[in-house]
Amino acid sequence: MPYATAQSLIDRYGEPELVQLADRDGDGGWEATVVDRVLADTDAEIDAALAARYPLPLATVPALLVGLACDIARCRLHVDGVPDHVRDAAANARKILAALSAGTMSLGLPAASEPASTGLARVSSGDAVFSSAEGF
């Protein structure tokens, strides 16, 4: 489940801005492949921050994460210089992600009780069978 969608960006910043930022071929419309790539990169960044505290994927996406994803994606969409207010919003979003990762902020969701499983078998051993190497 993505943290934000193209519609999330449109709802927050307006379609004219999305067209301005994601119209790479100059046809007057935003390009879905550009937006999808930026949103996927943003999802990966958020997952990397949350993986230390929360089991992924999240069952539901809290509104806080939608806003953070939009602020980061908006910054990533700029290719010819980022306005200060956009850069500041993305930097603030990343600070919040760091706080969520460190556990100084919470999403109000159950935290991971142990690191995520790798899908590999776990092996443990009991006490040693030989206590010395006498006679060898």
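Analysis parameters
- Residues numbered from 1 in each chain as written.
- Predicted model: local features only at pLDDT ≥ 70, side-chain atom pairs only at ≥ 80, totals over all residues.
- Heavy atoms only, no water.
- Helix = DSSP H or I, 4+ residues; strand = E, 2+ residues; numbered from the N terminus.
- Buried < 20%, exposed > 50% of the residue type's maximum accessible area, 1.4 Å probe, protein only.
- Contact = heavy atoms within 4.5 Å.
- 1 Å grid on protein atoms, 1.4 Å probe; cavity = no way out; pocket = protein on both sides within 12 Å on 5 of 7 lines; lining within 4 Å.
- Points joined across faces, edges and corners; volume = space filled by probe spheres on them.
- Salt bridge = Lys/Arg side-chain N within 4 Å of Asp/Glu carboxyl O.

Visitor: Even after reading the chapter, I still don't get the overall build of the protein chain, so can you show me in this structure?
Guide: Tallying secondary structure elements over the protein chain gives 5 helices and 0 strands in all. Sequence-ordered secondary structure for the protein chain, helices as α and strands as β, is α-α-α-α-α. Residue burial in the protein chain is summarised as follows: out of 136 residues, 34% are buried. For the protein chain, contacts bridging at least 24 residues in sequence account for 67% of all contacts bridging at least 6.

Visitor: Explain empty space enclosed by the protein here, please?
Guide: Sizing a probe to match a water molecule and rolling it over the atoms shows the empty space that remains. Taken as a whole, this structure holds 1 cavity of 30 Å³ or more when the rule is applied. The volume enclosed by the largest cavity comes to roughly 50 Å³. Residue lining of the largest cavity: Leu9, Ile10, Tyr13, Gly14, Glu17, Leu18, Leu21, Arg74 and Leu77, and that is the complete set. Every element with two or more residues in the lining of the largest cavity is listed here: α1 (6-13), α2 (15-22) and α4 (63-77).

Visitor: Please clarify how the pattern of salt bridges should be interpreted in this entry.
Guide: Following the criterion strictly, the structure yields 4 salt bridges and no others. One salt bridge in this structure joins Glu45 and Arg76, with 2.6 Å as the shortest N-O distance. With Glu45 in helix α3 (residues 32-50) and Arg76 in helix α4, this pair connects stretches of sequence that are 31 residues apart. Taking the relative accessible area as the measure of exposure, Arg76 reaches 33% and is therefore partly exposed.

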